[in-house]
There are 6 protein chains.
Amino acid sequence: VAERSGDILVINPNSNTAVTAGMDQALAAFRFAGGPAIRCATLAEGPLRRMVEADNAADAFVIACYSDPGLHLCREGTRRPVFGIAECAVLTALARGDRFGVIAIAQKSIRRHARYLRQMSLIERLAGERPLDVSVAESASEGTLKRMVETGRALVDEDGADVLIMGCAGMARHRRPLEDALGVPVIDPTQAAVAMAIGTVQAAL
Amino acid sequence: VAERSGDILVINPNSNTAVTAGMDQALAAFRFAGGPAIRCATLAEGPLRRMVEADNAADAFVIACYSDPGLHLCREGTRRPVFGIAECAVLTALARGDRFGVIAIAQKSIRRHARYLRQMSLIERLAGERPLDVSVAESASEGTLKRMVETGRALVDEDGADVLIMGCAGMARHRRPLEDALGVPVIDPTQAAVAMAIGTVQAAL
Amino acid sequence: VAERSGDILVINPNSNTAVTAGMDQALAAFRFAGGPAIRCATLAEGPLRRMVEADNAADAFVIACYSDPGLHLCREGTRRPVFGIAECAVLTALARGDRFGVIAIAQKSIRRHARYLRQMSLIERLAGERPLDVSVAESASEGTLKRMVETGRALVDEDGADVLIMGCAGMARHRRPLEDALGVPVIDPTQAAVAMAIGTVQAAL
Amino acid sequence: VAERSGDILVINPNSNTAVTAGMDQALAAFRFAGGPAIRCATLAEGPLRRMVEADNAADAFVIACYSDPGLHLCREGTRRPVFGIAECAVLTALARGDRFGVIAIAQKSIRRHARYLRQMSLIERLAGERPLDVSVAESASEGTLKRMVETGRALVDEDGADVLIMGCAGMARHRRPLEDALGVPVIDPTQAAVAMAIGTVQAAL
Amino acid sequence: VAERSGDILVINPNSNTAVTAGMDQALAAFRFAGGPAIRCATLAEGPLRRMVEADNAADAFVIACYSDPGLHLCREGTRRPVFGIAECAVLTALARGDRFGVIAIAQKSIRRHARYLRQMSLIERLAGERPLDVSVAESASEGTLKRMVETGRALVDEDGADVLIMGCAGMARHRRPLEDALGVPVIDPTQAAVAMAIGTVQAAL
Amino acid sequence: VAERSGDILVINPNSNTAVTAGMDQALAAFRFAGGPAIRCATLAEGPLRRMVEADNAADAFVIACYSDPGLHLCREGTRRPVFGIAECAVLTALARGDRFGVIAIAQKSIRRHARYLRQMSLIERLAGERPLDVSVAESASEGTLKRMVETGRALVDEDGADVLIMGCAGMARHRRPLEDALGVPVIDPTQAAVAMAIGTVQAAL
C-alpha cells in the first residue's frame, strides 16, 4: 500500500526491563507485514522528553506507564504524535462500555489516577478503581490472575463497571483469561495505545 | 502470528453507495497482510441491528455514519464489539489534543451532536462545531476542501480547537490536505473506528 | 376563556393496549371542562414520527414510554410541542426534591436511562435507579405494589432519594399508595408530561 | 372526578401589587371548571415562610419571583409542595429546547441567576442570559416588547438558544407576541410553575 | 510594615454567644502584633447585611455560620471583602486533600450543604458528609469528640475523604485532637476564613 | 500565644533569583512579630521533592510557580502541608468573586492551566485566561502594568470575570495598581498561598 512502513516507539519509562519484555510480547499481534514497526524500549536514565526528541525514526510514540508521566512534556518536545497508555486505555474503554473499572497495582496510585481522570474530564464514567496491592513484578505472575478476577468481579458486581482496564503495563498476559472469566471486555492499556498509534501512522501514509 | 485472521464489517447505514466506496478507499492503508479483513457494506433496507445479527463472519462491526445511529441497539443484538465512528472519532481526538473542533455537514446536525457529546460526558472538551452547509455528496468533492480549510481555521483560531474531526464518513479524502493546511491533527472518523476495531480484534487473537 | 379548547395526543409507542388503557384512566383528573382534550392512542405499526406528522388535531404530543424513543425525531417532524414522559418526569422530580430515585421495570434499561440522563445533563441529581425485575404487564398488577415499596424504600434509605419516579408508563395506579407508604413525592411520568402539555397548550390560547 | 377541587396559592413576594394583578390575568387560562382554584396574593410584610405556614387552604404554593427567594425555607415549613417560578421555568424550558436563553430585567441579577443554575446543576444547558435594563414596572409596559424582541434575538442568534425564558414575573403579557416574533418557544415562569402545581394537585386527588 | 493595622469583624449570625466565645478563643493564634485586629461579634437582631453596612471599622468581614447565610446579600451591601466560613473551609480543604468529608451537626443540614456545594461547582470533590446528630451547644462539649472521631473515621475509611471539615463554627476546640486521632488534616471553618481575610487585608496594605 | 513560632518555606522552583527577590518583598506584610517566619528560596538544581524532604525547619511549604510543578510529588514526600500558588490563587479567587479571569505570561501556558483547572474540578468557574505575551522578567517591570490593565479589562468586560488572578509569581508589584485601575479584586498567587500556609501553621499551634 505504501512505499515505506511506519515506525512506532513504545517507551517503558520505569527502567523495569521485564515489563518491557512483557509488553513486547503482548504487541506481537499488532505487528503486520507492511504495517508499522513496533519497537519497545526501556528508559534507562535521563528525562523521557529527551529520549523522544532524540529519536528520529519513530512516526509516533507510546509512553507505557499507567500514569502517563511526562506525556504533555513530550508532546511539547515533538510534533509527532505521543500517546499515553492510561489515556488511550480510558478512551478505548469508553468505546466498549458505559462505565469502566480499573484494576490498579496499589492503593496509593488511585488518587493520582482520579486526578488524571478529572484532568481529562472523563471521571463521570468511572465506575470504580480497586487495588491488587501487589508489586509491578508480581502483577505479571500467573498467580496474580486469581486476585485480578476477584478484583474485577467486585468492580463489575459492586461498582457497576461493564468494561475493565488493567491499570499497569505489566499485566498484559492476563487480558484474555480475565475477559473469559468475567464476561466483560478487558483493555490492556499498551495494546489500546498501540492500536491508536497504528491508526494515526497509517492514516498519515 | 495467528492461525486465522480477523474480520471487520464496516456498515454505511445511509444507503449512499458513493460514500461506501470512498470509505473503502480511505481504509486501504488499514488492510495488512495477516491483519483483519475490512469489508465495507451499504445498508440497503431494514434495520441496522438485523444486519449486524445476521452477519456471522465479522469479529467486530463499525457503524459508519457520524451520528452513530442505532449503535446501542446493535450492541444489544450481539456480544461482538460494535464501534460508532462519531464516538471513536471523539475519543481518538482526545488523545491528540486538548479541545476538539468538528466540521459538520450541516447546521441542523449540530444540536444532535451536542446531545450526543453530553450523553458521552465529553462535551467539556468540545471547542466548537461549525457547518459546511453542503450535501453529503458535495462533501466528498474536491471543491469542498477550500471551504473545509476556512471552517477548520475558524475552529482553531476563534474557538480554540487544537485537533479537528471531519464530521461525516464521506470526507475521508480531505484529511491529509486539511491537516497540511491547518497544522493541527485531523481525524477521519471511519479510520479512527477501524483502528480501534483492529486493536480489539488483534488483542483477542 | 378561549373560543376553542386545546387537544393533547398521548401516544403509547409500545403497542400494549392495556398500558394505554391504564394511562387513559390515570389521566382522568387532568381532563377539565373547558380544558384540552386528552386522547390516548396506541402506535400499532410504522414509525412514531409519521403518526405525529399525520395528526392534524393535536396541539401537543406526549410520547408515553419511559425511554422517550423517537422523541427528537418527532420534534424534527412538527413545530408543535412534543413531550417525552421520561424527560418530563425527571424535570418535574427536580421541582419536588433534591435527588431523585427511579423505580425501573428491569435491570437492562438502567444503563440506557443513565445515558439519557447524561444526555440531558441531569445525572448529577440522580440518587439511584433500581429494578423491579417484572414485566410491563406485571408492573400494573396490584401485587407489584409491595415490591415497589421495597424498591422505593431502598432508593430513599440507601441511595438518598427524596423524590421518586415510577419508570414506566404502566405503573400509574401505584402512585398514590406508594407515596403514602414512603412519605416522599412520587411522580407518574405520564401525568408529569400531560401537566406540562396542558401548561403549554393553555399558555398558547 | 373528585369531590373537592384543589387550591393553589401564588405568592408574589415583592410587594408590587401591579405585578400580582398581571400574573393573575396571565393565569386566567389555567382556571378550569372543576380544576384547582388559583389565588394570587402579594406578600405585604413579614417572612414568606410564615405566610406559607399560615395558609391552611392551599394544596400547593407558587413563589412568584424569578429568584425563588425563600423557596427552600418555605419547603422546610410545610409538607405541601412549594414551586419556585425560576426553577419551574428552567425545567419547563428543558422540555422545549436544547439550550435556553433568559431575558433578565437587569444586569445585576445575572450572576445570582447563574449561581442558582449551578445550584440546580442545570447551567450546562444555559445558552446565555441578557438584560433588558428596565425596571420591573417598565418590563410590563407595551413599549418594552421591542427591546425584548431584540434581546431575545441576540440570545437565539448569537448565544444559540432555541427556547427562551422571560426572567421576571411581570412580563407575562409579552409571551405570545415574543414567541410570534422570534419563532422559538417562550416560557412565562409563573405559567410554568402553575402548570406543574396543577399536575401535582390533580395527581393527588 | 504598615502605618495602620487592619481590622476583621467575625460575625456569628446565630445569636448563640457561647459559640461566639468559642470562636474568639480559637482565633487567638491568628492575632499578631502588627497584624489585623480580629473582633468577634454576635448578631443580636435584625438583618446581617445591615450589621455589615453599619460597621465602618472593618477591612473585611467573616460570616461565621456553616451555611453562609446572607453571604451574597452582604457582598451586595459593601465593597469590602466578605468571607463565608463554609465557602472558605471547602476552598481550604481543597488545598490539603483530594476529596473532603464534612462532619455535620445534623442530618437535616446535609441537603442544604449539598445544594451549596453544587452552587459553588465544588461537589465533585465531596467524599461525603455525615451527621453527629447533636445540638450546636453539644457540639462544643468535650464529650462530643469521641463521636466526631467515629464520624470522621467513617468519612475517611468508607467515603474516601483525605481531609475533613468540621461543619459548624462551634467545634473549634476539637480540631487538634481530631486531627491527631485520624491522621488527616482537619479544617476549622472559622480559622480557614480568618486566614483568607488576613491574607486579603495584608495584601491591601 | 505560642511558645515557638512557625516556619514557612516558599520555594521558587524556576532558578530565577529576581523572581524570588520580588516574592520576598511582596510577602513583607505577611511577616508578623510572633507569626511564622517566611523564608524564600530558589531551587538551584535537583528535584524539588528532595529540597522539601531535606528541609527540617519548615512547618509548611509553598511551591511558587504558577503551574504548581511537582506539587503532588512533594506532598508524597512529606506529611507537612505543601501549597501550590496556582491552586491557592484559584481557591482564594473563588472566595472573592463568581468567575475568575487569569492574566497569563504567555499563550502557550493557557492549555496547561486549563488542564490543571479541570484536574481540580474548578474550570466551570473560569471566565477566561488571556496572555500578556511577555517574558517572566518583563512581567515584573513597571512598563508591563499598562498591558496588564488592558488584559484585565478584557477579562472583565468581554469574558465576564469579577475577580482576577495574576498568573505568575513575578507580578506581585502590580497587584495594587491593577486592582485600583480595574475595580475588581486582584489575587497575587504567592500571597494567597502564604495566607493559607499561615492559617494552617497557626491552627496547628
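Note that the coordinates shown come from a computational prediction; the quantities given were computed from them, not determined experimentally.

(A) Highlighting the relation of the copies chain B and chain A. For the pair chain B and chain A, the superposition axis carries a translation of 0.0 Å, the fit reaches an RMSD of 0.0 Å, and the rotation angle comes to 180°. The two molecules are tied by a two-fold rotation axis, judged by turn and shift. With an isologous cut-off of 70% or more, the 98% of interface residues of chain B that recur at the interface of chain A puts this contact in the isologous class.

(B) Local environment of the packing of aromatic side chains. On inspection of all chains with the given rule, the structure shows three aromatic pairs over all chains. Between Phe32(A) and Phe32(B), the aromatic rings sit 4.6 Å apart at their centres with planes inclined by 0°, giving stacked as the arrangement. Pair noted here: Phe32(A) is in the loop between helix 1 (17-26) and strand 2 (37-42) and Phe32(B) is in the loop between helix 1 (17-26) and strand 2 (37-42), and the two residues belong to different chains. Judged on exposure class, the residue Phe32(A) and its partner Phe32(B) are both buried.

(C) Highlighting the sheet that holds strand 7 (residues 163-167) of chain C. Residue and element names in this part refer to chain C. One open sheet holds the four strands; their spatial order is 6-5-7-8, and the pairing between them is parallel. In this open sheet, the two strands that pair with only one neighbour each are strand 6 (126-131) and strand 8 (186-187). One ladder, built from five bridges, connects strand 5 (residues 100-104) with strand 7; its direction is parallel. The residue of strand 7 that forms the bridge with Ile 103 is Met 166. Its contacts with the sheet put helix 5 (residues 110-119) on strand 5 and strand 6, and the angle it makes with strand 6 is roughly 155°.

(D) Main features of the pairing of strand 3 (residues 60-63) of chain A. Residues and elements named next belong to chain A. Of the two faces of strand 3, both are covered, the one formed by Ala 60 and Val 62 as well as the one formed by Phe 61 and Ile 63. One ladder, built from four bridges, connects strand 1 (residues 7-12) with strand 3; its direction is parallel. Across the sheet, the residue bridging to Ile 8 is Ala 60, located in strand 3. Note that strand 3 and strand 4 (residues 82-84) share three bridges and pair parallel. Each residue of the ladder has a partner; that of Phe 61, found in strand 4, is Val 82. In this region the chain leaves strand 3, passes through helix 3 (residues 71-77) and returns to the parallel neighbour strand 4; the handedness of that crossover is right-handed.

(E) Looking closely at the interface of chain E and chain C. On the chain C side, the residues contacting the four residues of chain E number seven residues. A combined buried area of about 460 Å² lies between chain E and chain C, and 37% of that area is made up of carbon and sulfur atoms. Of all residues in chain E, the largest losses of buried area upon contact with chain C belong to Arg111(E), Arg118(E) and Ile123(E), amounting jointly to 90% of the total for that side. Linking chain E to chain C there are two salt bridges. One salt bridge connects Arg118(E) with Asp98(C), and the closest N-O pair in it is separated by 3.3 Å. Where chain E packs against chain C, one counts three residue pairs in polar contact (both at pLDDT 80 or more).

(F) Expanded view of the interface of chain B and chain A. Opposite the 40 residues of chain B that make contact, chain A presents 39 residues. The contact between chain B and chain A buries some 3,000 Å² in all, and 61% of this surface belongs to carbon and sulfur atoms. On the chain B side of the interface with chain A, the three residues burying the most area are Phe32(B), Ala95(B) and Arg96(B), jointly 18% of the side's total. Between chain B and chain A we count zero salt bridges in total. The interface formed by chain B and chain A contains 11 residue pairs in polar contact (both at pLDDT 80 or more).

(G) Representation of the sheet that holds strand 8 (residues 186-187) of chain D. Ordered in space as 6-5-7-8 (chain D), the four strands form an open sheet in which the pairing is parallel. In this open sheet, the two strands that pair with only one neighbour each are strand 6 (126-131) and strand 8 of chain D.

(H) Unusual backbone geometry, seen in detail. Even without being a glycine, Asp133(B) presents a positive backbone phi close to 55°. Structurally, Asp133(B) is set in the loop between strand 6 (126-131) and helix 6 (136-139). Non-glycine residue Ser121(E) carries a positive phi angle of around 60°.

(I) Structural view of empty space enclosed by the protein. According to the stated counting rule, one finds 10 cavities of 30 Å³ or more in the structure shown. Roughly 160 Å³ of volume is contained in the largest cavity. As for the largest cavity, its lining consists of 16 residues, of which Thr92(C), Ile187(C), Gly199(D), Thr200(D) and Ala203(D) are closest to the centre. Those elements giving two or more residues to the lining of the largest cavity turn out to be helix 8 (175-182), strand 8 and helix 9 (189-203) of chain C together with helix 9 (189-203) of chain D.

(J) Layout of the relation of the copies chain E and chain C. Note on the copies: chain E fits chain C at an RMSD of 0.0 Å, the axial shift is 0.0 Å, and the rotation between them is 120°. The transformation relating the two chain copies, once decomposed into turn and shift, fits a three-fold axis. Scanning chain E for the C-alpha nearest the rotation axis identifies Glu124(E), at a separation of 5.4 Å.

(K) Seen up close, the packing of helix 4 (residues 85-93) of chain B against helix 9 (residues 189-203) of chain B. All names here are of chain B. Two elements in contact, helix 4 and helix 9, have axes separated by 8 Å at closest approach and are oriented at 85°. The pairing of helix 4 with helix 9 is recorded here as roughly perpendicular in orientation. The segment helix 4 lies against helix 9, with Ile 85, Cys 88, Ala 89, Leu 91 and Thr 92 engaging Pro 189, Thr 190, Ala 192, Ala 193 and Met 196. Tallied by class, residues from the contact of helix 4 with helix 9 come to eight nonpolar, two polar and no charged.

(L) The confidence of the model for chain A, seen in detail. Overall, the prediction assigns chain A a mean pLDDT of 95, with 98% of residues at 70 or greater. At the level of chain-chain contacts, confidence expressed as ipTM amounts to 0.96, with global pTM at 0.96.

(M) Structural view of helix 7 (residues 144-157) of chain D. All names here are of chain D. Under the 1.5 Å per step criterion, the end-to-end length of helix 7 is 20 Å for 14 residues, consistent within 8% with the ideal 20 Å. The set of residues buried in helix 7 consists of Thr 144, Met 148, Val 149, Thr 151, Gly 152, Ala 154, Leu 155 and Val 156. Check the buried side of helix 7 and you find it contacts strand 5 (100-104), strand 6, helix 6 (136-139), strand 7 (163-167) and helix 8 (175-182).

(N) Representation of the pairing of strand 6 of chain C. All names here are of chain C. Within strand 6, five of the six residues are buried, leaving the element largely enclosed by the surrounding structure. Here strand 5 pairs with strand 6 via five bridges, running parallel. Bridge pairing in strand 6 places Ile 103 opposite Arg 130. Remark: the strand 5/helix 5/strand 6 crossover connection has right-handed handedness.

(O) Quick peek at the pattern of salt bridges. A full pass over the atoms with the stated rule returns 84 salt bridges over all chains. The partner of Glu53(F) in a salt bridge is Arg49(F), and the shortest N-O contact between them spans 3.0 Å. Note that Glu53(F) and Arg49(F) are positioned in helix 2 (residues 48-54) at a spacing of four residues, about one turn of the helix. Here the salt bridges do not stand alone but share partners, grouping Asp7(A), Arg39(A) and Asp55(A) into one network.

(P) A look at the nonpolar core. In terms of nonpolar packing, the biggest core is built from 115 residues, with Val10(E), Phe100(E) and Phe100(F) touching the most fellow members. Here Phe100(E) is in contact with Val90(E), Ala93(E), Leu94(E), Leu117(E), Leu122(E), Arg125(E), Leu126(E), Ala127(E), Gly128(E), Ala161(E), Val163(E) and Ile165(E), once residues within four sequence places are set aside.

(Q) Here's a closer look at the state of the cysteines. Summed over all chains, the structure comprises zero disulfides over all chains. Here Cys168(E) is not disulfide-linked; the sulfur of Cys65(E) is the nearest cysteine sulfur, at 7.4 Å.

(R) How the structure looks around the arrangement of the chains. Note that chain B does not reach chain E: the shortest distance linking a C-alpha of one to a C-alpha of the other is 14 Å. Here chain C and chain F are not in contact; the least distance found between their C-alpha atoms is 14 Å.

What counts and what doesn't
Residues numbered from 1 in each chain as written. Chains lettered and ligands numbered in written order. Predicted model: local features only at pLDDT ≥ 70, side-chain atom pairs only at ≥ 80, totals over all residues. Heavy atoms only, no water. Least-squares fit on C-alpha atoms with pLDDT ≥ 70 in both. Contact = heavy atoms within 4.5 Å. Phe/Tyr/Trp six-rings, centres within 6.5 Å; stacked < 30°, edge-to-face > 60°. Helix = DSSP H or I, 4+ residues; strand = E, 2+ residues; numbered from the N terminus. Buried < 20%, exposed > 50% of the residue type's maximum accessible area, 1.4 Å probe, protein only. Pairing = 2+ DSSP bridges. Axes fitted to C-alpha atoms, helices over the stretch in contact; angles between N-to-C directions. Right-handed = clockwise from strand over helix to strand, strands pointing away. Buried area = accessible area lost by both parts, 1.4 Å probe. Salt bridge = Lys/Arg side-chain N within 4 Å of Asp/Glu carboxyl O. Polar contact = N/O pair within 3.5 Å; in protein donor to acceptor, adjacent residues only side chain to side chain. 1 Å grid on protein atoms, 1.4 Å probe; cavity = no way out; pocket = protein on both sides within 12 Å on 5 of 7 lines; lining within 4 Å. Points joined across faces, edges and corners; volume = space filled by probe spheres on them. Parallel < 35°, antiparallel > 145°, perpendicular 65-115°, else oblique. Nonpolar A, V, L, I, M, F, W, Y, C, P; charged D, E, K, R; others polar. pLDDT = per-residue confidence, 0-100. Expected span 1.5 Å × (residues − 1). Core = buried A, V, L, I, M, F, W, Y, C linked by side-chain atoms within 4.5 Å. Disulfide = S-S within 2.5 Å.

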